[in-house]
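# Understanding the architecture of this molecule
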Number of protein chains: 4
Amino acid sequence: MNVQVLKVPMSSPNDLSGIEKLIQNETFDPNDLVAIMGKTEGNGCVNDFTRALATQSITCYFSKLLDLTPAQFENRVSIVMSGGTEGVLSPHFTLFIVNESERITTPRDVKRLSVAIEHTKDYLPEEIGTISQVLEVKNAVQRAIKKLSIENINDVHFVQIKCPLLTSERIQDAVRRGKSVVTEDTYESMAYSRGASALGVGVATGEVKLDQIDKNNILANHDLYSKVASTSAGIEVLHDVIIAMGNSRYATGKFVVGHDVMEDALDSEAIDRALGNSVPKKLINVFAKAEADPTGYIRGNRHTMLTDSDISHTRMARAVVGGALASKTKDTMIYVSGGAEHQGPSGGGPLAVIWEE
Amino acid sequence: MNVQVLKVPMSSPNDLSGIEKLIQNETFDPNDLVAIMGKTEGNGCVNDFTRALATQSITCYFSKLLDLTPAQFENRVSIVMSGGTEGVLSPHFTLFIVNESERITTPRDVKRLSVAIEHTKDYLPEEIGTISQVLEVKNAVQRAIKKLSIENINDVHFVQIKCPLLTSERIQDAVRRGKSVVTEDTYESMAYSRGASALGVGVATGEVKLDQIDKNNILANHDLYSKVASTSAGIEVLHDVIIAMGNSRYATGKFVVGHDVMEDALDSEAIDRALGNSVPKKLINVFAKAEADPTGYIRGNRHTMLTDSDISHTRMARAVVGGALASKTKDTMIYVSGGAEHQGPSGGGPLAVIWEE
Amino acid sequence: MNVQVLKVPMSSPNDLSGIEKLIQNETFDPNDLVAIMGKTEGNGCVNDFTRALATQSITCYFSKLLDLTPAQFENRVSIVMSGGTEGVLSPHFTLFIVNESERITTPRDVKRLSVAIEHTKDYLPEEIGTISQVLEVKNAVQRAIKKLSIENINDVHFVQIKCPLLTSERIQDAVRRGKSVVTEDTYESMAYSRGASALGVGVATGEVKLDQIDKNNILANHDLYSKVASTSAGIEVLHDVIIAMGNSRYATGKFVVGHDVMEDALDSEAIDRALGNSVPKKLINVFAKAEADPTGYIRGNRHTMLTDSDISHTRMARAVVGGALASKTKDTMIYVSGGAEHQGPSGGGPLAVIWEE
Amino acid sequence: MNVQVLKVPMSSPNDLSGIEKLIQNETFDPNDLVAIMGKTEGNGCVNDFTRALATQSITCYFSKLLDLTPAQFENRVSIVMSGGTEGVLSPHFTLFIVNESERITTPRDVKRLSVAIEHTKDYLPEEIGTISQVLEVKNAVQRAIKKLSIENINDVHFVQIKCPLLTSERIQDAVRRGKSVVTEDTYESMAYSRGASALGVGVATGEVKLDQIDKNNILANHDLYSKVASTSAGIEVLHDVIIAMGNSRYATGKFVVGHDVMEDALDSEAIDRALGNSVPKKLINVFAKAEADPTGYIRGNRHTMLTDSDISHTRMARAVVGGALASKTKDTMIYVSGGAEHQGPSGGGPLAVIWEE
């Protein structure tokens, strides 16, 4: 397969003018679109409808263009909108274009970016944030990895997931049916869903063993984590949407993906480690997860993100990591997403880079 | 004079336990204290009472210790509390200790940190943010600079100011007396007061000419600025409090101050430029002003700080600049203050560093 | 004309299931829809995209159902989404259905609710919040009133307007063309646009005289106001959308509209005054504008809405007025909108009630 | 005893000018002060330091005036500062003055307001929000009730409590000692502490039985509650501070207290029920607890307070209940406190009124 990665600014969550231009210029064939990741300018928390607005706008536009029903389009293309462009982060879309007609039968000497998508079934409210979600995600990620045509599990560098959250309505639905949900705090449900999804990735890649997971409290053990999982919760889905990325000898195109983990919010050197010995022609995008260190301390000093009741700590964490990474790359159109439960070490998070070799 | 600079963490705005320990250990003589700068964990905006709480705690403690009335103490020691430790910024005090008994009559070959304090009269509400404030500040800063014993205006590296703001009460007071205030928006009055104070510094140092200032709109011309002014508004003062810093051949001690400007929020290299050719033994503190670029763009990309009606842009700007600078110094106990009107270039701000040579 | 008013709850800004059910049940004919007002659960400020999401969802759904282009639909139906359901306010749509086929040639003895819609041209950024907007609105409102078939200007009880705001992008556009905008503060631009629109209504109804308006500062004189204007700014429009309501002897249907003003946020008795001597069978909806008293005081006591830098005062004002009115009606599905510049007396706002007679 | 109740506005948390004036005018003897309740203008959540600022200001002022150490003063006078004056709520102090010299040995025919104070020991972080806190509070409340000289437990109408919360520091302290805390979410710890304290009151008054309480989850059963408990968490205490109020035949003075519960946030008629058959000369103050209905619904309609990730639901609940009650009393200087766990029915809360008979 030939993979192309395009980054497009947006002036609002429903601004597709940049994408339209690329199609008009024939920069890419809309039939080859397989995934869109976006950073939209909402609060990234429960009541962030910028994700839904962007998703609806994309679905309306492309389903009309490709003569598909919205359901057909969403089945064919993975859409992951992550809310929150705090600080300098600049709202944008990243498009993943895969031309499957370009087939290689003999593996090449060099590895290039390979992309595959999958999704789980829709969850019942009582499944969100539980071991059921872990297992569903594990299976879906394994299906996605198979499609990457990689040699080795180490060639998987990034698994982006969009996962559901609990709303007052969904909680009431479970309660009415006599079921209990993992938490009645809607904001906290985002953490559970992100955590369960990340553990699902970890089990799929072998980074986490299933029997290490506390079935009664997905978030219990911070030592269990995946270094390639990036999960983002949103009100607009009821299932997990999965985008897996690796480097494959069967993939063509100019792009390569690498990863490492940020040990904490200040560890901007993770970019250098993700690049390894490569000397990129051009950095396309950085994908990072951010979280306020749950101990309340960073490098020995107290931080106040967890005791600030006016601003959600996920919002602050994105602003900080955005500032740290962008002061290094001098590019603010990067993907920093909040809430890194079971994604990288506690207080830190996974980081992936896509570059042009 | 011999100048000592001490940095002390605080666990809350009224936590003086770190300072108490330093006095018990005889690390410094409380009689020699001339200034305290602090970053406290409020919102840094109008209703930030953490500044008042820290100020009251300091005043109570030291006035009792030194057997002074609170008024006598506040006359002798400049207290500048800057609210807002968003993101990784860690609440702390910086103490400036000056031993005047150590007098040098012949200038030395090396220059060391020199510190002097001053203050203006209390303002009427209608004077805040106007040319009257500019002039008062100019005079007070000139008095402070004289005390620095420097050879050259280029040896002034940092002028920290605490300035007043308008509250609903103060506005009503002016209105009752038939006077009009510069703005009836209390949050905006902080910008006017910071701007007028910074212009006062600029006029005092010669960076700005008095006749360039638009008397009817202090904030009109972003091209006028001081590279050494750092001004911070707070509800707890009715006058400007001034702390001036320079390097003097008559000063002893291990400390040196340098400065430069951040061209924008990502310009963390300003730290290198402020250090110049020095190879510091130890970085003591970084003092920076942060602001969301008023154009709504940074390095060509849109940012959303000015259109986010949930979080004040000054809060976000501190989080970003804190992330950018701390990812370089790996120290989160730094002084980043918001609102850089007439302080450094638009979208950027002045930055000073104190280090041990 | 026969007018029907329907109120429908929504579970999210893109939830049209309630409306769909009414169409399936043939409660109303979608061809007769002339206006939809909605309260959506965003922050009601600059970056509130719930309004856009609801608008887009409605437009997509109905244009498909009625076989119209989105532009044709939006030309035919006025959509006014007002963001902000703080406190107990419950997100909902109010549908206005007008059957024009039911014509009356001889006026009846009783007056019933009559509804008409209009809109202005799209504005340039530099026109927003200026006298140009006032004049455009005046003309459009006069055209709408003509359609109401009322005898007397006193029969106009409510003129709802959706008006545009300035974004960083729109401001830059004006600046690039060498034009200046009324304010560079995007949140403040909402106030200017609401104020100019309300004055346009006031001039159209004769409540305000054109030459009383300060052309250089639309918001200057709080004594000028309309008692029937309710204006709401949103990022999703570039023109003013107008819904006028009155009572007409040529209208049939069960509904009546009345109005009065709330003198301040506590004046819930305005509902009684709006009802007058009527004994309603059923209260359909209450439409009120809320604002934090700009003096910082209410009934002689200080309030802190204007000095709270964490929460926009428009959000708080809606929460308070929602609490005050709903504690009287015991119905939380009411329309309370923020920012009452030139709408009712300062600190208060207009209030309209629609009931079944 | 003779009890006097005074209400004093404050212009900021450290503004004691109103109290000073009352002392200068000899309206009350500072030696007779037993309790101060205050509503201060912070966010009422974890990082609300307005409570600490008001408490410190009061303690400094009175300890100097009465020639006591701060510790002696705080032992003698109960200080309960409740943060959060959202919406129209107006910051103020309520002073309780008790002259013990006025002793009555024969019970009178009429009952008048009687006030008594108590406190518990300082808690370890791991005790906060647990059954240990319930028991400590129960004992302290029973001691306080004894001092009220009432005939019957039904004569207890209000037990106000200030209780501690967990901070990142306190949690770390417990963790270091190998102890686990009830929650690691600092904002949530406020709910646990309020809940445990309220249950302590309930057990003391007989409204709740000790064996009904789930020892592993204080917040588990919303059906357990006290109708007279009002508990408020704050960073400034490590123990529970208790102010009990009842009507006694041994008390003199003009004041009477009554109570009822608000069934939900709209139930402003609770004021009428609390007054019973009394025809008050003057309403002195209303004390109410507010909470966002945990079901996400109120009177059958959805509310969005629990899914709004920008504003804490406790802040919104205070704004709503403040609006509802003040629109009835037309007095905004009332005491509405947030978080009604185990205080009144779920979604509602206790309400007490003090009036002049």
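Data block above holds the structure.
Here's what I pulled together on the structure shown here. Quantities reported herein were computed from a predicted structural model and do not represent experimental measurements.

Moving on: the pairing of strand 7 (residues 229-233) of chain C. Within a regular strand, the side chains alternate between the two sheet faces. In terms of residue burial, strand 7 of chain C counts as a mostly covered element, since five of its five residues are buried. Covered by surrounding structure in strand 7 of chain C are Ala229(C), Thr231(C) and Ala233(C) together with Ser230(C) and Ser232(C), the residues of both alternating faces.

A separate point is helix 4 (residues 131-147) of chain A. Residue and element names in this part refer to chain A. Taking 1.5 Å as the rise per residue, helix 4 with 17 residues should run 24 Å; its terminal C-alpha atoms sit 25 Å apart, in good agreement. Here helix 4 has its buried residues at Ile131, Gln133, Val134, Val137, Lys138, Ala140, Val141, Ala144 and Ile145. As for helix 4, its buried residues are in contact with strand 5 (112-119), strand 6 (156-163), helix 6 (186-205) and strand 8 (241-248). Remark: Ser149 follows helix 4 within two positions and exhibits a positive phi of approximately 55 degrees.

Counting residues at the interface gives 21 residues for chain B, matched by 21 residues for chain C. Counting the contacts that link chain B with chain C gives two salt bridges. With a closest N to O distance of 3.4 Å, Asp310(B) and Arg315(C) form a salt bridge. Looking at the side of chain B that touches chain C, the elements with two or more residues in it are helix 5 (168-176) and helix 6 (186-205) of chain B. Per-class residue counts for the side of chain B that touches chain C are five nonpolar, 10 polar and six charged.

Before going further, it helps to spend a moment on the side chain of Lys138(B). All names here are of chain B. Secondary-structure assignment places Lys138 in helix 4 (residues 131-147). Of the side chains with opposite charge, Glu136 comes closest to the buried, unpaired Lys138, at an N-O distance of 10 Å. Polar contacts involving the side chain of Lys138 include one to the side chain of Asn139, which spans 3.0 Å. Not counting residues within four places of it along the chain, the set of residues in contact with Lys138 comprises Gly200, Val203 and Ala204.

You can overlay chain B on chain C at an RMSD of 0.0 Å; the transform is a turn of 180 degrees with a shift of 0.0 Å along its axis. Between the two chains, the operation in question is that of a two-fold axis. Using C-alpha coordinates, one finds that chain B approaches the rotation axis most closely at Asp310(B), a distance of 3.6 Å. A high fraction, 100%, of the interface residues of chain B reappear at the interface in chain C, so the copies pair face to face through one surface.

Time to look at the sheet that holds strand 4 (residues 92-99) of chain B. Two strands in a sheet stick together by hydrogen bonds in their backbones, pointing the same way (parallel) or opposite ways (antiparallel). Residues and elements named next belong to chain B. What the four strands build is an open sheet, ordered 1-4-2-3; its pairing is mixed. With one partner strand each, in any of the chains shown, strand 1 (2-9) and strand 3 (78-83) form the two edges of the open sheet. The sheet shows a mean angle of 10 degrees between the axes of neighbouring strands, direction not considered. Pairing geometry for strand 1 and strand 4, over eight bridges, is antiparallel. Looking at the pairing, Gln4 lines up with Ile97 of strand 4. Strand contacts of helix 1 (residues 17-24): strand 1 and strand 4, with the helix running at about 135 degrees to strand 1, the strand carrying the most contacts.

Below, the discussion takes up the interface of chain A and chain B. Between chain A and chain B, the residue contacts involve 39 residues of the former and 39 residues of the latter. Contact with chain B buries surface across chain A, with Leu266(A), Arg302(A) and Lys330(A) losing the most and accounting together for 22% of the total. The tally of links between chain A and chain B comes to six salt bridges. Where chain A touches chain B, the interface holds 20 residue pairs in polar contact (both at pLDDT 80 or more). Mapped by element, the contributors of at least two residues to the side of chain A that touches chain B are strand 12 (301-302) and helix 8 (313-329) of chain A. Here the element with the most residues in the side of chain A that touches chain B is helix 8 of chain A; it accounts for eight residues. For the side of chain A that touches chain B, a count of residues per class yields 15 nonpolar, 13 polar and 11 charged.

All right, on to the relation of the copies chain A and chain B then. With an axial shift of 0.0 Å and an RMSD of 0.0 Å, the rotation relating chain A to chain B amounts to 180 degrees. When the interface residues of chain A are mapped onto chain B, 100% of them are again interface residues, pointing to one common binding face.

So, about the packing of aromatic side chains. In total, this model carries 16 aromatic pairs over all chains according to the counting rule given. Residues Phe287(A) and Tyr335(A) carry aromatic rings whose centres are separated by 5.6 Å and whose planes lie at 50 degrees to one another, so their mutual orientation is tilted. You can see Phe287(A) sitting in strand 10 (residues 282-290) and its partner Tyr335(A) sitting in strand 13 (residues 335-338), a full 48 residues away along the chain. Its relative accessible area of 1% is what places Phe287(A) among the buried residues. A residue is classified by how much of its surface remains accessible, and Tyr335(A), at 1% relative accessible area, is buried. Centroid distance Phe158(D) to Phe287(D): 5.2 Å. Interplanar angle 40 degrees. Geometry classified as tilted.

Moving on to the pairing of strand 13 (residues 335-338) of chain B. All names here are of chain B. What you see with strand 13 is no split at all: Tyr335 and Ser337 on one side and Val336 and Gly338 on the other are buried throughout. Where strand 10 (residues 282-290) and strand 13 come together, four bridges link them in parallel fashion. Each residue of the ladder has a partner; that of Ala288, found in strand 13, is Val336.

Let us now look at the side chain of Thr205(A). Within the secondary structure, Thr205(A) is located in helix 6. If we skip the residues at most four places from it in the chain, Thr205(A) touches Ile145(A), Ile153(A) and Val228(A).

Residue and element names in this part refer to chain C. The sheet built from four strands is open, its strands ordered 5-8-6-7 with mixed pairing. Lying at the two open borders of the sheet, with one neighbouring strand each, are strand 5 (112-119) and strand 7. The sheet shows a mean angle of 15 degrees between the axes of neighbouring strands, direction not considered. In this structure, strand 6 (residues 156-163) lies alongside strand 8 (residues 241-248), joined through six bridges in antiparallel fashion. Bridge assignment links Val156 to a residue of strand 8, and that residue is Gly246. Where helix 6 (residues 186-205) meets the sheet, it contacts strand 6 and strand 7, and its direction lies at approximately 150 degrees from that of strand 7.

Here is what the cut-offs are and how they apply
- Residues numbered from 1 in each chain as written.
- Chains lettered and ligands numbered in written order.
- Predicted model: local features only at pLDDT ≥ 70, side-chain atom pairs only at ≥ 80, totals over all residues.
- Heavy atoms only, no water.
- Buried < 20%, exposed > 50% of the residue type's maximum accessible area, 1.4 Å probe, protein only.
- Helix = DSSP H or I, 4+ residues; strand = E, 2+ residues; numbered from the N terminus.
- Expected span 1.5 Å × (residues − 1).
- Contact = heavy atoms within 4.5 Å.
- Salt bridge = Lys/Arg side-chain N within 4 Å of Asp/Glu carboxyl O.
- Nonpolar A, V, L, I, M, F, W, Y, C, P; charged D, E, K, R; others polar.
- Lys, Arg positive; Asp, Glu negative; His and termini not counted.
- Polar contact = N/O pair within 3.5 Å; in protein donor to acceptor, adjacent residues only side chain to side chain.
- Least-squares fit on C-alpha atoms with pLDDT ≥ 70 in both.
- Pairing = 2+ DSSP bridges.
- Axes fitted to C-alpha atoms, helices over the stretch in contact; angles between N-to-C directions.
- Buried area = accessible area lost by both parts, 1.4 Å probe.
- Phe/Tyr/Trp six-rings, centres within 6.5 Å; stacked < 30°, edge-to-face > 60°.

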